[in-house]
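The primary structure of each chain is shown beneath.
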Amino acid sequence: MQGRLLVWLALLFGGAACAAAPGDTLHVGSKRFTESYILGEVLTQTAAQAVPHARVEHLQGLGNTAIVLAALQAGRIDVYPEYLGTIDLEILKHAQPAPLEQIRRELAAMGLGVAVPLGFNNTYALAVRGGADGVTKLSELAAQPALRFGLSHEFIGRADGWPGLSKRYGLPQRPEGLDHGIAYEALMQRQVDVIDIYSTDAKIRQYGLRVLDDDRAYFPRYDAMLLYRLDAPARFPEAWKAIAQLEGRISATDMIAMNAAAEIDGQSFANVARGWLAAHQPQAAGAGKAAQAPLVRDGLLAKIFDKNLWPLTRQHLTLVLAAVLLACVVGIPLGVLAAAFPRLRQVVLGLTGVLQTVPSLALLALLIPLLGMIGTVPALAALVVYALLPIVRNTCTGLLQVPAGLRLAAQALGLRPMQRLVHIELPLALPVILAGVKTAAVMSVGTATIAAFIGAGGYGERITIGLALNDNDMLLAGAIPAALLALLTQAAFELLERLASRAPSQRV
């Protein structure tokens, strides 16, 4: 049994490692907001159409700049759309905007390059509700300390975001962290008064917002470009040649329209990118544009039972099963040690308890540079950490509940400590241990949704897309299957608990 387990684990981690290797597949990444999803699809489809035999994969919605950059440096992705101001001030940490040649030299030292300006500038800005009265300039915010700021978490932490902006304009407000996908709704419902936006956001017009004038010229240009691994053009020459032809072809008007098609019309990112490419590719002589089918917005059931349901279920279930199995391999021996050695008990239980309190995204951010990759392995490591506490605690509790008389009887029969543990104590403690494993498994079903933030798939993909689009149906399309899977997991473990509780009495 142990040999089979080791083989299974080797295959699991070996598969994950192979998935992380560049191989002959061009991996395109994107961040977790609408525009990045769409641009990632534009790059993916451009490469795939130009080189039909090539393999191109879009790892979408990987998270914020730090996570996507870590994926690029680790070789998990080869290229992703980025903004020049972000590269300059956030990635290279320049205090002031640097010339492009300097940026390229410093990126080359990291094995990276920047090229293919796509044609539009998507700068940061602050916006308020429209109306006849109110502030019109950023400098006027300092005189309005009661205004409530709801800013994206990345903007609050970026050097070119809130810290520098508040210093430049002397702003006294304390912003609240708010996901970019729901900021517009919060603004319109008057839960906040000021939000950060991108200048190509489609909802600026939809909600009639007033974009505040950057009258002290704080924000630099954020020209959309491609950040890539320096070896990518040589490894994928034909695909890269096609991608390079996108230079200067996407206008700000085009980008706003594409964002609107996704966020307002409800089109998928893939269809939005496909439509733009079809409209902007050179037509052969005599060829007309293909007729487009009328837009039909998918409902909740269509989103739940789409073609991705089984692949996402398989990914989610694999993560949960692997995490719980590995947590058992680590946690049960730790629980045995905690029960056998009182001096270690508080240390073991305290350590697993502290690990449980680490925020999931913070843990992922730590694991990515530590492991040098994104995807299955860091997601699995995080899930194992969160599954440890109930398994360790219940193993320790179950063993401590074994009657002392049975221990003495086993000792009198001449059983060695390991024999007593395997044949007497663990079987008697099994129902309590299984209860801990059940808790860990049910928790892991919910926690596994974080895997999508680093490209490991699962139902979290739908949830992240729903957040980006403020699409409640898409959110539910990820949350409902996860909830059903949690209920099925709990039912399966309750059946195992019943069987385990009957087994000792049948042996007696």
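Conventions adopted
Residues numbered from 1 in each chain as written. Predicted model: local features only at pLDDT ≥ 70, side-chain atom pairs only at ≥ 80, totals over all residues. Heavy atoms only, no water. Helix = DSSP H or I, 4+ residues; strand = E, 2+ residues; numbered from the N terminus. Buried < 20%, exposed > 50% of the residue type's maximum accessible area, 1.4 Å probe, protein only. Contact = heavy atoms within 4.5 Å. Areas by Shrake-Rupley, 256 points an atom, 1.4 Å probe, with all protein chains shown as cover. Polar contact = N/O pair within 3.5 Å; in protein donor to acceptor, adjacent residues only side chain to side chain. Phe/Tyr/Trp six-rings, centres within 6.5 Å; stacked < 30°, edge-to-face > 60°. Expected span 1.5 Å × (residues − 1). Bend = angle between axes of the 7 residues up to and from the residue. UniProt positions renumbered as here; feature names shortened; annotations may be inferred. Core = buried A, V, L, I, M, F, W, Y, C linked by side-chain atoms within 4.5 Å. Domains from an automatic or database assignment. Pairing = 2+ DSSP bridges. Axes fitted to C-alpha atoms, helices over the stretch in contact; angles between N-to-C directions.

Before going further, it helps to spend a moment on the overall build of the protein chain. Within the protein chain one finds 22 helices and 10 strands. Looking at the protein chain as a whole, 48% of its 508 residues are labelled buried. Taking the contacts inside the protein chain whose residues are at least 6 apart along the sequence as the reference set, 78% of them involve residues at least 24 apart. Taken as a whole, the protein chain presents about 23800 Å² of accessible surface, with 61% of it coming from carbon and sulfur.

A separate point is the side chain of Glu-425. Secondary-structure assignment places Glu-425 in helix α20 (residues 417-447). Classification of Glu-425 by relative accessible area gives buried; the value is 12%. Here Arg-407 takes part through its side chain, which lies 2.8 Å from a polar atom of the side chain of Glu-425. Aside from chain neighbours lying at most four places away, what touches Glu-425 is Leu-399, Val-402, Arg-407 and Arg-420.

Let us look at the packing of aromatic side chains. Within the structure shown, the criterion is met by 12 aromatic pairs. Seen in terms of ring centroids, Tyr-124 and Tyr-198 are 5.3 Å apart; in terms of plane orientation they differ by 35 degrees. Their pairing is tilted. Here Tyr-198 lies in strand β8 (residues 194-198) and Tyr-124 lies in strand β5 (residues 124-128), a separation of 74 residues in the sequence. Between Tyr-228 and Trp-240, the aromatic rings sit 4.7 Å apart at their centres with planes inclined by 50 degrees, giving tilted as the arrangement.

The subject of this paragraph is helix α15 (residues 309-340). For α15, built from 32 residues, the straight-helix expectation of 46 Å at 1.5 Å per residue is met to within 8% by its first-to-last C-alpha distance of 45 Å. At Cys-328, α15 is deflected by roughly 30 degrees, the largest bend along its length.

Below, the discussion takes up the UniProt feature "transmembrane region" (unreviewed entry) in the protein chain. Within the UniProt annotation, "transmembrane region" (unreviewed entry) is assigned to residues 317-340, 347-368, 374-392, 428-454 and 474-496. Within the segment residues 317-340, helix and strand shares are 100% and 0% respectively, and the terminal C-alpha atoms sit 34 Å apart. The span residues 474-496 shows a helical share of 100% and a strand share of 0%, and its end C-alpha atoms are spaced 34 Å apart.

Quick look at the environment of Ala-95 now. You can see Ala-95 is positioned in the loop between α4 (84-91) and α5 (100-108). In the structure, Ala-95 is positioned 64 residues away from Ala-159 in sequence and 8.4 Å away in space, judged by C-alpha atoms.

So, on to the nonpolar core. Grouped together as the largest cluster of nonpolar side chains are 70 residues, with contacts concentrated most on Leu-62, Ile-77, Ile-87, Ile-103, Leu-107 and Leu-227. Take this core: its biggest share by element is 13 residues, from helix α18 (residues 376-400). For this core, the domains that each give at least three residues are domain 1 (24-121 + 222-278) and domain 3 (308-500). With sequence-adjacent residues up to four places away left out, Leu-62 is seen in contact with Gly-29, Ser-30, Lys-31, Ile-67, Val-68, Ala-71, Ile-77, Ile-374, Phe-453, Ile-454 and Gly-455. In this structure, Tyr-198, Tyr-228, Ala-239 and Met-258 belong to the second largest nonpolar core, which totals 55 residues.

Sheet architecture is open: 5 strands sit in the order β7-β6-β8-β5-β9, paired in mixed fashion. The outermost strands of the open sheet, each flanked by one partner alone, are β7 (176-177) and β9 (210-211). Where strand β6 (residues 149-151) and β8 come together, 2 bridges link them in parallel fashion. Bridge assignment links Gly-150 to a residue of β8, and that residue is Ile-195. Against the sheet, helix α8 (residues 180-188) engages β5 and β8, with an angle of about 135 degrees to β8.

For the rest of this paragraph, the subject is the pairing of β8. Within a regular beta strand, the side chains point alternately toward one face of the sheet and then the other, so they alternate between its two faces. Summarising burial for β8: 5 of the 5 residues are buried, a large majority. Where burial is concerned, the two faces of β8 agree: the one with Val-194, Asp-196 and Tyr-198 and the one with Ile-195 and Ile-197 are both buried. Where β5 lies against β8, 4 bridges are found, and the strand directions are antiparallel. When the sheet's bridge partners are listed, Ala-127 is paired in β8 with Ile-195.

Summarising burial for strand β10 (residues 224-229): 6 of the 6 residues are buried, a large majority. Alternating residues of β10 divide into Ala-224, Leu-226 and Tyr-228 and Met-225, Leu-227 and Arg-229, and every residue in both groups is buried. Note that strand β3 (residues 79-83) and β10 share 5 bridges and pair antiparallel. Directly across from Pro-81, in β10, lies its bridge partner Leu-226. Sheet analysis places strand β4 (residues 112-115) next to β10, joined by 4 bridges and oriented antiparallel. The residue bridging Leu-112 from the neighbouring strand is Arg-229, located in β10.

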